[in-house]
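# Close look at the chain arrangement
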2 protein chains.
Amino acid sequence: MGEASRDKRAALERLQAASRILLTSHASPDGDALGSELGLAELARALGKSATIVNHDPHPSSLAFLPGIEAVEVRSTLPEDFERAFDLAVVLECPDVDRPDLDGLDRLPILNIDHHLANTRYGAVNYVDDEAPAVGEMVLGLADAANVPLTVTMATNLYTALVTDTGDFHYSNATPRAFRAAERLVGAGAIPTAIAEHLHEHVPERVIRLTAEVLSTLEMLAGGRVALCWCDREMLERTGAKSEDTENLINIPRSIEGVRVAVLLKAFKDDGVRVSLRSREEPDVQQVARIFGGGGHKNAAGCTVPGSLPEARRALLEALLPIVESA
Amino acid sequence: MGEASRDKRAALERLQAASRILLTSHASPDGDALGSELGLAELARALGKSATIVNHDPHPSSLAFLPGIEAVEVRSTLPEDFERAFDLAVVLECPDVDRPDLDGLDRLPILNIDHHLANTRYGAVNYVDDEAPAVGEMVLGLADAANVPLTVTMATNLYTALVTDTGDFHYSNATPRAFRAAERLVGAGAIPTAIAEHLHEHVPERVIRLTAEVLSTLEMLAGGRVALCWCDREMLERTGAKSEDTENLINIPRSIEGVRVAVLLKAFKDDGVRVSLRSREEPDVQQVARIFGGGGHKNAAGCTVPGSLPEARRALLEALLPIVESA
């Protein structure tokens, strides 16, 4: 931790040397991107700096409650005078400098703050700590190092960063360090109940209607080891749902007792069926995805299978079932 | 906290004075009941005592992973010789002495360990701390007071107690103290990812099939402020589900954006329809439940409405909608 602690000091010194700071994070910003941007912007202002957040994409509606989010600028290109308007770009939660999708960003000196192991160290100053549960937790450490007391708004933004990036403390980054940060942030006024309600309890009606339709297609195969569901264009039309609304649905068949592989078939286009595969420990579903030119990793993979829904279903099961039987 | 700390010391002294300890908790034991029983049984054994857990009801299948659970005795009555076999009964997470549903339990001296404000202090020694996030966290405090180091099995049981009783750190008892305990327990070897998987990812297939059917009945009323679903005996028969499987279903309509009141109608019996009501802040759904002789509290209430499903639906909405409109 000596290195991380030296890098933290260097990051703080770089912040203190700047006066007009541009903050950004990856395109399609999530809770850790926005929470750490907003927390750090507040910290920068407490240090007497001006701070402007610019993101390529708007925030998801579940994060609209974050204090200060109304001031985040959403732009597909940086403003014309950005090189004069700012003297430092802080890039948060980005393993490489292309992730913000803002051309020319690297014409400013960059302070890179991230927790991805594969970070390419693209900054003039790099504060990369792959043991940090969330970048929001690193911003908490910067506030401590700067002796800036936590406010309720800072705590709310940083707790949201932490709780979203650890999947409600369900992922492997729910370490003692993550819980220590949570203790601090809740002690400083973040309210877990209120934040959880914002994050989880504003589900659009169309998603519930789509969930009902997709779950009604549930088929159990291979003696209960495979759970298969499907979704087609008519379902989206009937429920008013969008294709992105299917994103987390595969977690429901995956959660069924005894299921080793969950399959979701999405027949939205004419040129084939998009297949998502999830497994628990064994088997390696990437093997199956590769047969159809797809990829992923052992427990989460995807591919596109040509043909109609029944054709794609048959072809996929012909590839998958022998692997499940032998696992 | 002076009082809680004195009571903790008294509890530890009472444990140390015993030699053959019976542990129990409430009927239909949950994660905090079983986790704190198993954690305390291990602590008692580390102190050189014998420890036997007796519960009135079996554990839910989601808790079958708890280390040591196979030794928990499930009995509707205490063994005949229990007064000679044991010299102390420890009753965990029970606001009163009837909750374990084990007749004659109070013929043994009782050590009462609980975190309910309304605890009736029925023990010879009472360690009641209503600021404790879970009884499992109080057992952690007892282990510290006894200088007994945490083992991985103890940490796993106590973390499960904590994470279930705080609703995955979503409830208002997700306090700094709860996160401090989580830090300690994860540091001692509890694995949040593995525990979350056991708790949430062994859903019986019948529950998913029932969920699909119940969600397909979703009706949005009062301009989207009321979400109503229903469930009848035929659905249970078709899906193989039990009436208990409906328990958490109301949380799905409750989570829809804009919904103030969620209603679940359960037509399982001939003499009326069981109604569950949940609200967000306003209105007070207990008001509505009372009209039909039911009860509960402001944001969660229930009642039985006579008649068929359509009749009960109509009567309930006649009472509910004016209250929603004026809230």
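Rules used in this analysis
- Residues numbered from 1 in each chain as written.
- Chains lettered and ligands numbered in written order.
- Predicted model: local features only at pLDDT ≥ 70, side-chain atom pairs only at ≥ 80, totals over all residues.
- Helix = DSSP H or I, 4+ residues; strand = E, 2+ residues; numbered from the N terminus.
- Rg over C-alpha atoms; globule rule 2.2 N^0.38 Å.
- Buried ≥ 20, exposed ≤ 12 C-beta atoms within 10 Å, placed from the backbone.
- Contact = placed C-beta atoms within 7 Å.
- Core = buried A, V, L, I, M, F, W, Y, C linked by C-beta atoms within 7 Å.
- Least-squares fit on C-alpha atoms with pLDDT ≥ 70 in both.
- Nonpolar A, V, L, I, M, F, W, Y, C, P; charged D, E, K, R; others polar.
- Pairing = 2+ DSSP bridges.
- Axes fitted to C-alpha atoms, helices over the stretch in contact; angles between N-to-C directions.
- Domains from an automatic or database assignment.
- Expected span 1.5 Å × (residues − 1).

## Section: the overall build of chain A
- On a plain count of helices and strands, chain A comes out with 12 helices and 12 strands.
- Taking 327 residues into account, the globule formula puts the C-alpha radius of gyration at 20 Å, and chain A, at 22 Å, falls close to it.
- Dimensions of chain A, computed from C-alpha atoms along their principal axes, come out at roughly 60 × 45 × 35 Å.
- When each of the 327 residues of chain A is scored for burial, the buried share is 46%.
- Taking as baseline every contact in chain A between residues at least 6 positions apart, the subset at least 24 positions apart corresponds to 63%.

## Looking at the nonpolar core
- Among the nonpolar cores identified, the biggest contains 128 residues, and L185 of chain A together with L185 of chain B are the most heavily contacted of them.
- Contacts of L185 of chain A, omitting those with residues within four sequence positions, involve L140, A155, L158, Y159, L162 and A190 of chain A.
- L277, V285 and F292 of chain A together with V214 of chain B belong to the second-largest nonpolar core, a separate cluster that totals 78 residues.

## So, the relation of the copies chain B and chain A
- Mapping chain B onto chain A calls for a rotation angle of 180° and an axial translation of 0.0 Å; the resulting RMSD is 0.3 Å. Put plainly, the chains are arranged around a two-fold axis. Residue A212 of chain B of chain B places its C-alpha closer to the rotation axis than any other residue of that unit, at 2.4 Å.
- Of all interface residues in chain B, 100% are interface residues in chain A too; the two copies therefore contact each other through one and the same surface.

## Side note on the interface of chain B and chain A
- Contact residues are listed per partner, giving 35 residues for chain B and 35 residues for chain A.
- Listing elements by their share of the side of chain B that touches chain A, those giving two or more residues are α6 (176–187), α7 (192–200) and α8 (205–215) of chain B.
- With seven residues, α6 of chain B is the single largest residue contributor to the side of chain B that touches chain A.
- Of the residues that constitute the side of chain B that touches chain A, the class distribution is 18 nonpolar, 10 polar and seven charged.

## Focus on the pairing of strand β10 (residues 272–279) of chain B
Residues and elements named next belong to chain B.
- In terms of burial, β10 is largely enclosed, as six of its eight residues are buried.
- Counting the residues in the hairpin turn of strand β9 (residues 261–269) and β10 gives two residues.
- One ladder, built from six bridges, connects β10 with strand β12 (residues 300–305); its direction is antiparallel. What sits directly across from R274, in β12, is T304.

## Comments concerning unusual backbone geometry
- Here E282 of chain A and P283 of chain A are connected by a cis peptide whose omega angle stands at -10°.
- When you line up the elements, P283 of chain A lands in the loop between β10 (272–279) and α11 (285–291).
- The phi angle at R121 of chain B is positive, at roughly 55°, despite the residue not being glycine.
- Among the structural elements, R121 of chain B can be located in the loop between β5 (110–114) and β6 (125–128).
- The exposure class assigned to R121 of chain B is exposed, which follows from the 11 C-beta atoms found within 10 Å.
- In this structure, D168 of chain B is a non-glycine residue whose phi angle is positive, near 55°.
- Overall, D168 of chain B belongs to the buried group, with 20 C-beta atoms counted inside 10 Å.

## Things to note about the sheet that holds β9 of chain B
Residue and element names in this part refer to chain B.
- With respect to topology, six strands assemble into an open sheet ordered β7-β8-β9-β10-β12-β11, the strand pairing being mixed. Bordering the open sheet on either side are β7 (219–221) and β11 (295–297), each of which pairs with just one other strand. Here the average twist between neighbouring strands, direction ignored, is 20°.
- Relative to strand β8 (residues 226–232), β7 runs antiparallel, the two being bridged by three bridges. Bridging across to β8, M220 finds its partner in A227.
- Against the sheet, helix α12 (residues 309–326) makes contact with β8, β9, β10 and β12, and its axis sits at roughly 160° relative to β9, the strand it touches most.

## Things to note about the domain arrangement of chain A
- One can read the domain layout of chain A as domain 1 (2–200) and domain 2 (205–326).
- Summarising the inter-unit geometry, the C-alpha centres of domain 1 of chain A and domain 2 of chain A are found 35 Å apart.

## Here's the deal with helix α5 (residues 152–165) of chain B
All names here are of chain B.
- Spanning 14 residues, α5 covers 20 Å between terminal C-alpha atoms, matching the ideal 20 Å at 1.5 Å per step.
- Summarising burial for α5: 12 of the 14 residues are buried, a large majority.
- Looking only at α5, the buried set comprises M154, A155, T156, N157, L158, Y159, T160, A161, L162, V163, T164 and D165.

## With respect to the pairing of strand β8 (residues 226–232) of chain A
All names here are of chain A.
- Counting buried positions along β8 gives six out of seven residues, so the element sits mostly inside the fold.
- Hairpin connection from strand β7 (residues 219–221) to β8: four residues lie between these consecutive antiparallel strands, with A222 at a positive phi of about 50°.
- Across seven bridges, β8 lies against strand β9 (residues 261–269) in parallel orientation. The residue bridging L228 from the neighbouring strand is V263, located in β9.

## A closer look at the environment of V324 of chain A
Residue and element names in this part refer to chain A.
- Positionally, V324 belongs in helix α12 (residues 309–326).
- Its 20 C-beta neighbours within 10 Å are what place V324 among the buried residues.
- Taking C-alpha positions, V324 is 8.0 Å from V226, a pair spaced 98 residues apart along the chain.
- Residues contacting V324, with those up to four places away along its chain left out, are A222, R225, V226, R260, V261 and P283.

## Here's the deal with the sheet that holds strand β4 (residues 88–92) of chain A
All names here are of chain A.
- The six strands lie next to each other as β3-β2-β1-β4-β5-β6, forming an open sheet whose pairing is parallel. The strands lining the two open edges of the sheet, one partner per strand, are β3 (73–74) and β6 (125–128).
- Note: strand β1 (residues 20–25) against strand β2 (residues 50–55), four bridges, orientation parallel. The partner of I21 across the bridge, within β2, is A51.
- Where helix α1 (residues 2–17) meets the sheet, it contacts β4, β5 (110–114) and β6, and its direction lies at approximately 135° from that of β6.
- Most of the contacts of helix α2 (residues 31–46) go to β1, to which it runs at about 170°, and overall it touches β1, β2 and β4.

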